[in-house]
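Structural overview
Each chain, written out:
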Amino acid sequence: MIRRFLLVSALSFLVMAKFGINSAYAVSYPDWEGYAPMYNVQDVVEFKGNIYGAAPAGLFRYNPETLQYTLYYKNHGLETGNVQCLGVSPSYLYIGFVSGGLWRFDPQNAQFDPILFPEYEPNKISVQYIYAKNDSVLYVGHSNGVDILNLGTGELRTIKQFGNIPLGTAVKEIKVINNKIWVCTENGLAVADENNPNIDDKSSWKTYTYNSGGFTSIMNIKELSGETIYLGTIKYGLIAFNEGNGAFQSTGIPGSIYKISEGLGTYLAVGSRGLYIKIGLLWYQKDNTKFISLFSNGEKAWLGTEDDGIKCYADTGFVEIEPVPGPRSGKFTKIQITDANVVWASTSIGEGIDLLHRLQNDIWTTYGQSDGFKRTPNAVALDNNENVWLSDWGNVKSGVFVIQDNGTPEKTDDKVIPLDPDHTIIKDTINIGYCACSDITRDKHGNIWVANLQLNQPDAEEPNSHNLEPIPSSGAVVFDGYPFTKYEHYSPLDGDIPTAKIYKICADDDGWVWLGTVTKGIMALYIGDDPFDKS
């Protein structure tokens, strides 16, 4: 099927929107500054001397000469977030979104233009891969197949099925090698003659499978013995493919391989187990970081990581580069601001490596596993001395940590202290070995309240899961600050509250502590001016 498409300037939409609103009813809003997390790099390319990275929050540009970043995200240059892939031609950068269609970026005027075509309307397809053969022809892999766009004639050709690969299979990567189109999918590998006039017919495609595993990336590599097709797989690492007899051979590189590229005078592959470089006939591991994406300009390789931004690798090893500005998380649960305008923010449960964020003088500092947390903090509070309290869901050392900030954006001299490492006050989960605290807050007197869940033992049939009904000694624990001199428990065991399943806690200025529960709605506990006197 052949269809026409258009490129329309995003600026025209803004002009129409501006003059389509009656100024008498317009509402004036202050300018907002956004802090979009750009550390989960889905794709990375080099374009006209700059490095571009795609992230769930948007797109960033890094200038290796000035060491400066430019961030584009929703309402800051982009219509939406969730950038999934990038493609480059000699003149343009192409941007594929999870659900926002396909866009083109012109660096001469820093303008983003949508490619307007029904298939690329928001929420129609998920753009997975963009291969620009030149300025005129684009191969776009997406959630339903492949589109071939001819930018010169304005035509689009859609290929929905490849041989016996199921209809609607998502395409992971496309390459044109020796006048053949190679398509990597989650259900197999497909190849067809680029000049076949019936290429949109599924019978024009040869397909190959390897142990029922999916393919992610493809590279034609010249070796002394001839040319070999190397393939990245989802389950079986890096494998070599002989097109002549259709045979596959494992290279011994395990894990998931996401990208293969030529560079540094050889070939590179990245995946769930790290970076690999081909030397002679063998592949050698150079780093064990989880890399998602890879782009090489010959002299350097630019790598996208799952949670640490971009990395640069050269012949001499890794090159130190500036980190992406902003937080690594986009899912914040609580925010506290000190009298010195230092912002502390905790992330949601299960949100990756960096767990607590501090913003001071436009400098972001993050605290993570290396600082003593496990992986699941959920709330932050400040006591009267502006010590930072962090509740953690599932930490072996403690359910609450106190951070003593040295007053500077750097964390070199900061102290991260487990409040109750022996679990004598904040009880750990029975026979499991970690402590579950679901929330933390401060009352008007500066006392710190912690919601402490002591979960039952896991079910015998499901040893890795937990029965989420807390035991009666769970509930709320209040401390008088740090270092604390006294504390008190409130629990169903003592008849203080009717349930221990507390997930949110806050205190007002009238002597009430409010508890958000799963089974009893919202409870209000009156503690007056002295929470340590239960009478």
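It should be noted that the structure appears before, not after, this text.
What you see is a predicted model; the values in this text were computed from it and never measured. Residue positions are given per chain, counted from 1 along the sequence in the order it is written. For this predicted model, a pLDDT threshold of at least 70 governs which residues receive local features, and a threshold of 80 or more governs which side-chain atom pairs are given and counted, while totals over whole chains, interfaces and linings are taken from all residues. Processing note: side-chain calculations cover all non-hydrogen atoms of the structure and skip hydrogens and water entirely.

1. Focus: the pairing of strand E42 (residues 475–479)
- With 5 of 5 residues buried, E42 lies mostly within the body of the structure.
- We call two strands paired when DSSP finds no fewer than two bridges between them. Helix and strand labels come from DSSP, where a helix needs a run of H or I of at least four residues and a strand needs a run of E of at least two; each type is numbered from the N terminus. Judged from the 5 bridges that link them, strand E41 (residues 448–453) and E42 form a sheet pairing that is antiparallel. From the neighbouring strand, tryptophan 449 faces E42, where its bridge partner is valine 478.
- Pairing analysis gives 4 bridges linking E42 to strand E43 (residues 487–490), with the strands arranged antiparallel. Bridge pairing in E43 places phenylalanine 479 opposite tyrosine 487. With a 1.4 Å probe rolled over the protein chains alone, any residue whose accessible area is under 20% of its type maximum counts as buried; one over 50% counts as exposed, and the rest are partly exposed.

2. Quick look at the pattern of salt bridges
- What counts as a salt bridge is simple: a side-chain nitrogen of Lys or Arg found within 4 Å of a carboxyl oxygen of Asp or Glu. The final tally for this structure, using the stated rule, is 15 salt bridges.
- For lysine 133, the salt bridge identified is with glutamate 194, shortest N-O distance 2.3 Å. Of this pair, lysine 133 sits in the loop between strand E12 (127–132) and strand E13 (137–142) while glutamate 194 sits in the loop between strand E18 (188–193) and strand E19 (206–208), and the two are 61 residues apart along the sequence.
- With relative accessibility at 40%, the residue lysine 133 sits in the partly exposed group.
- When salt bridges with common partners are traced through the structure, they connect Glu488, Asp494, Asp496 and Lys534 into a single cluster.

3. Considering the side chain of aspartate 43
- The topology assignment puts aspartate 43 in strand E3 (residues 43–47).
- The side chain of aspartate 43 is buried and forms no salt bridge, while lysine 259, the nearest opposite charge, is found at 4.6 Å.
- Polar side-chain contacts of aspartate 43 include one of 2.8 Å to the backbone nitrogen of leucine 86.
- Discounting chain neighbours no more than four positions away, the residues touching aspartate 43 are Tyr52, Gly53, Ala54, Gln84, Cys85, Leu86, Lys259 and Ser293. Note on charges: Lys and Arg go in the positive column, Asp and Glu in the negative column, and His and the chain ends are not counted at all. Polar contacts here mean pairs of N or O atoms no more than 3.5 Å apart (in protein, one a potential hydrogen donor and the other a potential acceptor; neighbouring residues in sequence count only if both atoms are side-chain atoms). The contact definition used throughout considers only heavy atoms, calling two residues in contact when any of these lie within 4.5 Å.

4. Brief notes about the sheet that holds strand E46 (residues 522–526)
- Read from one edge of the open sheet, 3 strands run E44-E45-E46, paired in antiparallel fashion. Each of the sheet's edge strands pairs with one partner strand only, and the pair in question is strand E44 (502–507) and E46. Along the sheet, successive strands turn relative to each other by an average axial angle of 25°, direction set aside.
- Where E44 lies against strand E45 (residues 512–517), 5 bridges are found, and the strand directions are antiparallel. Counterpart to isoleucine 505 in the pairing with E45 is leucine 515. Lines fitted to C-alpha atoms define the axes, with helix axes restricted to the stretch in contact, and inter-axis angles between N-to-C directions lie between 0 and 180 degrees.

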